[in-house]
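Tertiary structure, described
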Amino acid sequence: MAHTSIRQIQIFEQVARYQSHTRASEELHMTQPAVSMQMKQMEENLGVSLFDRRGKKLSLTKTGEEMSKHCSYIVQAYNDMIEYVDEVKGGKSGQLSVSVASTANTFATHILSAFSKRHPQVAISLDITNRRKILYQLDHFEPDLVIMGEPPKGLSLNSEKFMPNPLVVIAPPDHPLADSAQISPEVLAKERFVVREKGSGTREAIERHFAKLGQKCGGTLELSDNEAIKYAVAAGFGLGVVSLHTIQLELKNLLLVTLDVEGFPIERNWHLVTRSEKAMTPVARAFREFMLQEAKKYTKLVEQR
Ligand code: PGA
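How each quantity is defined
- Counting starts from 1 at the beginning of each chain's written sequence and moves along it residue by residue.
- This being a predicted model, a pLDDT of at least 70 is required before a residue's local features are given, and a value of 80 or more before pairs of side-chain atoms are given or counted; all residues contribute to the totals for chains, interfaces and linings.
- With hydrogens and water excluded, all non-hydrogen atoms of the structure serve as input to the side-chain values.
- Counting from the N terminus, the helices are the DSSP runs of H or I reaching at least four residues and the strands are the DSSP runs of E reaching at least two.
- This radius of gyration counts C-alpha atoms alone. The globule rule is 2.2 Å times how many residues there are, raised to the power 0.38.
- By the convention used here, residues are in contact when the closest approach between their heavy atoms is within 4.5 Å.
- All accessibility values rest on the Shrake-Rupley procedure with a 1.4 Å probe; residue burial counts only the protein chains present in the view.
- For this count, His and the chain ends are skipped, Lys and Arg are scored as positive, and Asp and Glu as negative.
- Where a charge lies is defined by one atom per residue type: Lys uses NZ, Arg uses CZ, Asp uses CG and Glu uses CD.
- For every residue, the accessible area (1.4 Å probe, protein chains only) is compared with the maximum for its type, and the residue is labelled buried under 20%, exposed over 50%, or partly exposed between those bounds.
- A strand pair is defined by DSSP finding two or more bridges across the two strands.
- Lines fitted to C-alpha atoms define the axes, with helix axes restricted to the stretch in contact, and inter-axis angles between N-to-C directions lie between 0 and 180 degrees.
- Patch members must show over 30% relative accessible area and no salt bridge, and they are joined within 9 Å when carrying like charges or within 5 Å when they are nonpolar side chains of Val, Leu, Ile, Met, Phe, Trp or Tyr.
- When a carboxyl oxygen of Asp or Glu is within 4 Å of a side-chain nitrogen of Lys or Arg, the pair counts as a salt bridge.
- For this description, a residue counts as near a given molecule or strand if any of its non-hydrogen atoms is within 4 Å of it.
- Two N or O atoms count as a polar contact when they lie within 3.5 Å, although within protein this holds only if one can serve as hydrogen donor and the other as acceptor, and sequence-adjacent residues are included solely when both atoms are side-chain atoms.
- All amino acids are sorted into three groups, where Ala, Val, Leu, Ile, Met, Phe, Trp, Tyr, Cys and Pro are nonpolar, Asp, Glu, Lys and Arg are charged, and the leftover types, Gly among them, are polar.
- Note on scores: pLDDT gives the predictor's confidence for each residue, bounded by 0 and 100.
- As used here, the arc is the angular range of directions from the helix axis to the C-beta atoms.

**Remarks on the overall build of the protein chain**
- Per the secondary structure count, the protein chain includes 11 helices and 12 strands.
- Taken over C-alpha atoms, the radius of gyration comes to 31 Å for the protein chain, far larger than the 19 Å a tight globule of 305 residues would show.
- With respect to the principal axes defined by its C-alpha atoms, the protein chain has extents near 105 × 40 × 25 Å.
- Taking the intrachain contacts of the protein chain between residues at least 6 apart in sequence as the baseline, contacts between residues at least 24 apart amount to 75%.
- By element, 52% of the accessible surface of the protein chain is carried by carbon and sulfur atoms, the whole surface being about 16,600 Å².
- Across the protein chain, 38 positive and 36 negative side-chain charges occur, with their mean positions spaced 3 Å apart.

Have a look at this one:
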């Protein structure tokens, strides 16, 4: 049996709806003979009679009537499919998988939420994790897009620096160094620190920076969560070095202060990273543009400090 084309199904659906070749041909912008020919071919392909051609009026056979229900269903499903593909191509629908360094969570989740409101058809999968896990995921081509500190070397990546990420020294407001100016790295190194877990990009950056200043950062408490670090510092466990993005509320509410230390803040940047071999989906492209635009607001916030 020769195949019935989707075009023939669409034509039949229109002919059945209007019970007229002429009306269907007008709706479909086809000539009436072309419609009649397609319908004849469809009957031949299927090996059944769809129309009763006795007299002037065109009517559907019993089979034709049953077939018109199937064809309406197929046409509807086909139109839905085309609509979906158009949405995907326009970046309005589809899947988006984003991995975010835990430190970037504060602003990245807000931006993703705004994106999701604008594109409710996009299914977002968000992983908030540390640098080490993100490197693994990038190596395995997992996320569409990554927001992280410094991008790694040795992988073929597209990376865009989009926002500063200054790392500042934090203390409780009643800390003896809270009012000191230009604290030297030597004095700082004598303090106890609350630090992130091994595998954290922030921790690596702090260790590298202390080494550059000829000092070592003595950790007393290791925590894998920026929120927990803030609480521990506020509770007097020791000093912390955290991204300025993560402490806006605490600074405003005077729960924490930043210390004025020589050589600080550590100047880092946030990057948007993708694997260059992995083609970016329209949704990922739409999110990239949205992200770069929205990030400007957060940059202003940090610059005001
Ligand atoms: P992390 O991320 O400290 O949460 O791992 C920051 C970074 O990627 O630099």
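**A word on the environment of serine 59**
- Relative to the helices and strands, serine 59 resides in strand β2 (residues 59-60).
- Owing to a relative accessible area of 28%, serine 59 belongs among the partly exposed residues under this scheme.
- Put simply, serine 59 and alanine 16 are 43 residues apart on the chain and 8.3 Å apart in space, counted from C-alpha to C-alpha.
- Beyond its immediate chain neighbours, meaning those up to four positions away, serine 59 contacts Gln19, Leu50, Phe51 and Asp52.

**Describing the sheet that holds strand β12 (residues 269-275)**
- Across the sheet, 5 strands lie side by side as β4-β3-β5-β12-β6; this open sheet has mixed pairing. Strand pairing shows two members of the sheet lacking a second neighbour, β4 (122-129) and β6 (157-164), which therefore form its edges. Each adjacent strand pair in this sheet contributes to an overall mean axis angle of 20 degrees, direction not counted.
- As judged from the 3 bridges shared by strand β3 (residues 94-101) and strand β5 (residues 145-148), these two strands associate in the parallel manner. Looking at β5, one finds that serine 99 is bridged to valine 146.
- The strands touched by helix α5 (residues 105-118) within the sheet are β3, β4, β5, β6 and β12, with β4 carrying the most contacts at an inclination of about 175 degrees.

**Focus: the environment of tyrosine 78**
- Within the fold, tyrosine 78 resides in helix α4 (residues 62-89).
- In this structure, the C-alpha to C-alpha distance between tyrosine 78 and asparagine 253, residues 175 residues apart in sequence, is 56 Å.
- Aside from chain neighbours lying at most four places away, what touches tyrosine 78 is Ile6 and Gln10.

**Some words on a positive patch on the surface**
- A grouping of Arg132, Lys133, Lys198 and Lys216 is seen on the molecular surface, where their side chains present a positively charged patch.
- You can see lysine 133 is positioned in helix α6 (residues 131-139).
- Residue class for lysine 133 comes out exposed when judged on its relative accessible area of 52%.

**Things to note about the side chain of glutamine 10**
- Position of glutamine 10 among the secondary structure elements: in helix α1 (residues 6-18).
- Sequence-distant contacts of glutamine 10, that is, excluding residues within four places in its chain, are made with Val75 and Tyr78.

**Topic: the pattern of salt bridges**
- Per the counting criterion, the structure on display carries 14 salt bridges.
- Between lysine 278 and aspartate 144 there is a salt bridge, with the nearest N and O atoms lying 3.7 Å from each other. Of this pair, lysine 278 sits in the loop between β12 and α11 (282-303) while aspartate 144 sits in the loop between α6 and β5, and the two are 134 residues apart along the sequence.
- Under the relative-accessibility criterion, lysine 278 is labelled partly exposed at 24%.

**Concerning the site of the ligand**
- All residues in the neighbourhood of the ligand are listed as Ala101, Ser102, Thr103, Asn130, Arg131, Met148, Gly149, Arg196, Ser200, Gly201, Thr202 and Arg268.
- In the environment of the ligand, an oxygen atom lies 3.1 Å from a nitrogen or oxygen atom belonging to the side chain of arginine 196.
- For the ligand, the accessible surface in isolation is 280 Å², of which the surrounding protein chains cover 100%.
- By residue class, the composition of the shell around the ligand is 2 nonpolar, 7 polar and 3 charged.

**Considerations on the side chain of serine 102**
- Note on placement: serine 102 falls in the loop between β3 and α5.
- Among residues more than four places away in sequence, those in contact with serine 102 are Ile128, Thr129, Asn130, Arg196 and Asn226.

**Considering the confidence of the model for the protein chain**
- When pLDDT is averaged along the protein chain, the result is 91; 97% of the residues meet or exceed 70.
- Summarising per-element confidence for the protein chain, the mean pLDDT is lowest in strand β9 (residues 219-223) (83) and highest in strand β11 (residues 257-258) (97).

**Considering helix α2 (residues 21-28)**
- The set of residues buried in α2 consists of His21, Ala24, Ser25 and Leu28. With its buried residues spanning 100 degrees around the axis, α2 presents them on a single face.
- Its buried side turned inward, α2 meets α1 and α3 (32-46).
- The residue sitting at the N-terminus of α2 and contributing the capping side-chain oxygen is serine 20; that oxygen lies 3.2 Å from the backbone nitrogen of threonine 22.
- Immediately beyond the C-terminal end of α2, within one or two residues, lies histidine 29, with a positive phi of roughly 55 degrees.

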